[in-house]
Amino acid sequence: MGMVKRLLEDYVQAVHPHDFDEQDALMEDICNGNIVVPLEAMSATVDEYKKHSMQAEYDNGECPDCGEPIPDYTDDGDNCTNCEHVFYRYRENDDAVPSE
Ligand SMILES: [Zn+2]
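Every value quoted in this text rests on a predicted model; they were computed, and no experiment measured them.

Structurally, Arg-89 is set in the segment after α3 (39-57). Apart from residues no more than four positions distant in its own chain, Arg-89 is found in contact with Gln-13, Tyr-49, Ser-53, Met-54, Glu-57, Thr-74, Asp-75 and Asp-76.

Each pair of donors in an ideal four-coordinate tetrahedral metal site encloses 109.5 degrees, whereas pairs in an ideal six-coordinate octahedral site enclose 90 or 180 degrees. On the protein side, the zinc ion has Cys-63 (SG), Cys-66 (SG), Cys-80 (SG) and Cys-83 (SG) as donor atoms, found 2.3 to 2.4 Å from it. Viewed at the metal, the four donor atoms of the zinc ion are separated by angles of 105 to 114°, and the geometry they form is tetrahedral. When the donor residues of the zinc ion are listed from N- to C-terminus, their spacing reads C-x2-C-x13-C-x2-C.

Mapping Ile-70 onto the fold places it in the segment after α3. As for Ile-70 and Tyr-58, which are separated by twelve residues in sequence, their C-alpha atoms are 8.7 Å apart. Those residues within four positions of Ile-70 in sequence are excluded, and the remaining contacts are Met-54, Gln-55, Tyr-58, Gly-61, Glu-62, Cys-63 and Phe-87.

It is worth spelling out the nonpolar core at this point. Counting residues in hydrophobic clusters, the biggest one holds nine residues: Leu-7, Leu-8, Tyr-11, Val-12, Leu-26, Ile-30, Val-37, Met-42 and Val-46. When residues of this core are traced back to their parent elements, those giving at least two are α1 (2-15), α2 (20-31) and α3. The biggest single contributor to this core is α1, with four residues. Excluding its chain neighbours within four sequence positions, the residues that come into contact with Val-46 are Leu-7, Asp-10, Tyr-11 and Ala-14. Core analysis: the next-biggest nonpolar cluster, separate from the first, contains six residues, Met-54, Ile-70, Cys-80 and Phe-87 among them.

Thresholds, definitions, all that
Every chain is numbered on its own, with residues counted from 1 as its sequence reads. With pLDDT at 70 or above as the cut-off, local features in this predicted model cover only qualifying residues; side-chain atom pairs require 80 or more to be listed or tallied, and sums for whole chains, interfaces and linings still use all residues. Heavy atoms from the whole structure form the basis of all side-chain values; hydrogens and water molecules are not counted. Each helix corresponds to a stretch of at least 4 residues labelled H or I by DSSP, and each strand to a stretch of at least 2 residues labelled E; elements are numbered beginning at the N terminus. In what follows, a contact means two residues having at least one pair of non-hydrogen atoms within 4.5 Å. The rule for donors is simple: an N, O or S atom within 2.8 Å of the metal counts, and for Na, K and Ca the reach is 3.2 Å. Water is not among the atoms, so a site may look short of donors. Irregular is the default label, applied whenever a site is not tetrahedral (four donors, all angles between 85 and 135 degrees) and neither square planar nor octahedral (four or six donors, opposite donors over 155 degrees apart, all other angles between 65 and 115). Among buried residues, those of type Ala, Val, Leu, Ile, Met, Phe, Trp, Tyr and Cys that are joined through side-chain atoms within 4.5 Å constitute a nonpolar core. Buried, partly exposed and exposed residues are distinguished by accessible area as a fraction of the type maximum, computed with a 1.4 Å probe on protein chains only: under 20%, between the cut-offs, and over 50%, respectively.

Next up, the structure:
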């Protein structure tokens, strides 16, 4: 269950990167069975999101310090290959998850 839950969390974030309300709503719809998304489709969406998500966080998809293009699949906390600037993805707010 843990891996599926993780994938599900990544999926709703990929579909609604900056909208936590939409993420929660989509999560609920999937958990309730109102929306059925095959795992492969989720994986594909998540993969595509991770490929470009960091580029989308920065102007022109470039390092703000040196202007080097941000590579595909740059992850949270990765360094710029050119100047060692650390990239951060839009922050998830853990407190936004309702306790029940
Ligand atoms: Zn840089």
